[in-house]
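# Geometric and topological summary
Given next are the chains, with one letter for each unit.
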Amino acid sequence: MSHIVILGAGLGGVIMAYEMKDKMRPTDGLTVVNLGPTYSFVPSNPWVAVGWRKPEEIAVDLAPVFKRRGIALRPEGARRVLAHENRIALCDGTFIDYDYLVIATGPDLAFDEVPGLGPDRHTQSVCQVGHAVEAKKAFDALLEAPGPVVVGAVQGASCFGPAYEFAFILDTALRHAKKRDQVPITFVTPEPYIGHLGLDGVGDTKGLLESAMRERHIKWITNAKVAKVERGRMYVEEVDETGTTRTKHELPFTYSMMLPAFRGVPAIYGIEGLVNPRGFVLIDKHQRNPAYPNIFAIGVCVAIPPVGKTPLPVGVPKTGFMIESMVTATTNNIAALIRGEEPKAVASWNAVCLADFGDEGIAFVAQPQIPPRNVNWSSQGRWVHAAKVGFEKYFLHKVRHGHAETFYENLTLELLGINKLKEIHLEPSE
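Report on the accompanying structure.

What follows concerns the overall build of the protein chain. Looking only at helices and strands, one finds nine helices and 24 strands in the protein chain. Relative to its length of 430 residues, the protein chain is compact, with a C-alpha radius of gyration of 21 Å against a globular reference of 22 Å. Each of the three principal axes of the protein chain carries a C-alpha extent, and together these read 65 × 45 × 40 Å. Expressed as a percentage of its 430 residues, the buried residues of the protein chain come to 57%. As presented, the protein chain carries roughly 17,800 Å² of accessible surface, and 53% of it is formed by carbon and sulfur atoms. For the protein chain, the distance from the average position of its 45 positive side-chain charges to the average position of its 47 negative side-chain charges is 2 Å.

Right, let's talk about unusual backbone geometry for a bit. Of note, the phi angle at asparagine 86 is positive, near 55 degrees, even though the residue is not glycine. Counting through the fold element by element, asparagine 86 comes out in the loop between strand 6 (78-82) and strand 7 (87-90). In this structure, leucine 197 takes a positive phi of about 65 degrees despite not being glycine. Summarising the element assignment, leucine 197 is placed in the loop between strand 12 (185-188) and helix 6 (205-215). Accessibility expressed as a relative area gives 9% for leucine 197, which makes it buried.

Think of a pair of aromatic rings as described by two things: how far the centres are apart, and how the planes are tilted against each other in angle. Scanning the model with the defined rule gives nine aromatic pairs in all. Positioned above the aromatic ring of phenylalanine 95 is the side chain of arginine 87, whose terminal nitrogen or guanidinium carbon lies 4.5 Å from the ring centre. Directly above the ring of phenylalanine 280 sits lysine 318, whose terminal nitrogen or CZ lies 5.0 Å from the centroid.

Now for the environment of leucine 354. Here leucine 354 shows up in strand 21 (residues 351-356). Overall, leucine 354 belongs to the buried group, its relative accessible area being 17%. Here the alpha-carbon distance between leucine 354 and phenylalanine 364, two residues 10 residues apart in the chain, equals 6.8 Å. Every residue in contact with leucine 354, bar those within four places of it in the chain, is listed here: Glu165, Ile362, Ala363, Val384, Ala387 and Lys388.

Once that is clear, we can look at the sheet that holds strand 6. Reading across from one edge, 6-7-8 is the order of the three strands in this open sheet, with antiparallel pairing throughout. Of all the strands in the sheet, the pair left with one neighbour each is strand 6 and strand 8 (95-97). Adjacent strand axes in the sheet meet at a mean angle of 20 degrees when their direction is disregarded.

With that settled, consider the pairing of strand 13 (residues 218-221). As judged from the four bridges shared by strand 12 and strand 13, these two strands associate in the parallel manner. Among the inter-strand pairings, valine 188 is bridged to a residue of strand 13, identified as isoleucine 221. Where the polypeptide runs from strand 12 across helix 6 and back to strand 13, its parallel neighbour, the crossover connection is right-handed.

It is worth spelling out the sheet that holds strand 13 at this point. Strands belonging to one sheet form pairs held by backbone hydrogen bonds; the direction of such a pair is parallel or antiparallel. Taken in spatial order, the four strands make up an open sheet running 13-12-11-17, and their pairing is parallel. Of all the strands in the sheet, the pair left with one neighbour each is strand 13 and strand 17 (255-259). The mean inter-strand angle of the sheet, taken between neighbouring strand axes irrespective of direction, is 15 degrees.

Below, the discussion takes up a nonpolar patch on the surface. Together, Val375, Trp377 and Trp383 make up an exposed nonpolar region whose accessible area comes to about 270 Å². In this fold, valine 375 is placed in strand 23 (residues 375-381).

Ranked by internal contacts, the top residues of the largest apolar core, which has 137 residues, are Tyr18, Tyr39, Leu62 and Tyr255. Residues within four places of tyrosine 39 in sequence aside, it is in contact with Ala9, Gly10, Leu11, Val14, Ile58, Ala59, Val60, Leu62, Phe395, Leu396 and Val399.

Next up on the list: the side chain of glutamine 287. Relative to the assigned elements, glutamine 287 resides in the loop between strand 18 (262-263) and strand 19 (295-297). A polar atom in the side chain of glutamine 287 sits 2.9 Å from the backbone oxygen of alanine 297. When neighbours within four sequence positions are excluded, glutamine 287 is seen to be in contact with Ile295, Phe296, Ala297, Ile298, Val302, Met326, Ala329, Thr330, Ala347 and Trp349.

This part takes up the pairing of strand 2 (residues 29-33). Burial runs high along strand 2: five of the five residues are buried. Alternating positions in strand 2 separate into two faces, Gly29, Thr31 and Val33 on one and Leu30 and Val32 on the other, with burial throughout. Bridge count between strand 1 (residues 3-7) and strand 2: five bridges; the pairing is parallel. Within strand 2, the residue paired with histidine 3 across the bridge is glycine 29. Between the parallel pair strand 1 and strand 2, the chain is carried across by helix 1 (residues 11-23), and the sense of this crossover is right-handed. The pairing of strand 2 with strand 5 (residues 72-74) spans three bridges and is classified as parallel. Of the residues in strand 5, the one forming a bridge with threonine 31 is alanine 72.

The next subject is helix 5 (residues 161-176). With 16 residues, helix 5 should reach 22 Å at 1.5 Å per residue; the first-to-last C-alpha distance of 22 Å fits that figure. With 12 of 16 residues buried, helix 5 lies mostly within the body of the structure. Of all the residues in helix 5, the buried ones are Ala163, Tyr164, Glu165, Phe166, Ala167, Phe168, Ile169, Leu170, Asp171, Thr172, Ala173 and Leu174. Positive backbone phi, approximately 60 degrees, marks lysine 178, located one or two places after helix 5.

Further remarks concern the environment of phenylalanine 364. With respect to the helices and strands, the residue phenylalanine 364 is situated in strand 22 (residues 361-367). A relative accessible area of 7% means that phenylalanine 364 is categorised as buried. If we skip the residues at most four places from it in the chain, phenylalanine 364 touches Leu197, Leu199, Val202, Thr205, Ala351, Val352, Cys353, Trp377 and Ser378.

What counts and what doesn't
Residues numbered from 1 in each chain as written. Predicted model: local features only at pLDDT ≥ 70, side-chain atom pairs only at ≥ 80, totals over all residues. Heavy atoms only, no water. Helix = DSSP H or I, 4+ residues; strand = E, 2+ residues; numbered from the N terminus. Rg over C-alpha atoms; globule rule 2.2 N^0.38 Å. Buried < 20%, exposed > 50% of the residue type's maximum accessible area, 1.4 Å probe, protein only. Areas by Shrake-Rupley, 256 points an atom, 1.4 Å probe, with all protein chains shown as cover. Lys, Arg positive; Asp, Glu negative; His and termini not counted. Charge placed at Lys NZ, Arg CZ, Asp CG, Glu CD. Phe/Tyr/Trp six-rings, centres within 6.5 Å; stacked < 30°, edge-to-face > 60°. Lys NZ or Arg CZ within 6 Å of the ring centre and 35° of its normal. Contact = heavy atoms within 4.5 Å. Pairing = 2+ DSSP bridges. Axes fitted to C-alpha atoms, helices over the stretch in contact; angles between N-to-C directions. Right-handed = clockwise from strand over helix to strand, strands pointing away. Patch = residues over 30% accessible without salt bridge, like charges linked within 9 Å, V, L, I, M, F, W, Y side chains within 5 Å. Salt bridge = Lys/Arg side-chain N within 4 Å of Asp/Glu carboxyl O. Core = buried A, V, L, I, M, F, W, Y, C linked by side-chain atoms within 4.5 Å. Polar contact = N/O pair within 3.5 Å; in protein donor to acceptor, adjacent residues only side chain to side chain. Expected span 1.5 Å × (residues − 1).

Below, the structure is given as structure tokens:
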């Protein structure tokens, strides 16, 4: 038998476990290592931060689901991957051995790279459900004592969608509370233009997002480097195309939510041959690490080079559907290795993103996510908000019932004219 270990139980890790269980042999073992037994639907965190969702509404206890599916769960969390030994040191001092390892940890949040940044200092976050709960408390305080708001992302960030979403969701929530007229909002981002998204735009995301910001009276600063944050004040340096500081801004705020840069988690950071200098896992086209061919990686922890040169560091996002494509490819490749064959499955990396504004939103389709693309489309409307709510309910249903996908998922995508996002193609190893 082979023992497959999945490190991380987020969006990618949970679906990886379900797909792998369907592909592996009855004699093979499957274990998921995670810090705690709970899955939380991260895309709903902005709604938690304004009180539209409660944390328990977007959470799933994985223990009974995994038990029903015959998947072992180790909730102690990983202290360190010992790649040369094919084992993981867990946080309780015990070890677990593996034949194949799938790293699906997500990122470490690099708040410390900007003085004063983060929920332990002076800004809020929606990266984790616990952060969103604290952000809700700060939002309640904002309603009691309205003042300026600064929302966005710092240099080196790679996940810009939630920043845009939260700016618009805040606008909607404040309007519902009849407080918007007392709260000026400024959006701060290292992107070279609004709607870049780390992807050099998708369709007309620049025009759509700029128009939406103007309509909602949200000012913005692009090419923005956050130098430091103090209580109630953010120091921002706006740079030119060469990266030289052009203008300095001192932005007062009563409330601020800023997304940090990402890096690899401590369990894998600094392992030579496995990760790059930022701690992201190096992979080939088959999601496989070249130095350790029995280690695969999926999701935000994967190293992807930036899309073009920008004045400030801007990373590439890994969207949910893109991650599911990685999952399907990895599952097929590990199944092939177990059968004594070589891996051939390559992820499509197609992407669909639903950016919710609280009452409407913007959707984009990129096939593949990294340009040049075969499909490059974006659209705006109230249907996006409804679709985001529907997807949340659908995905949580999928996790709770132990399914990787359903007939309805494939049918809906077909009706939208979108190629099956988890579709893979076959390419032999070079």
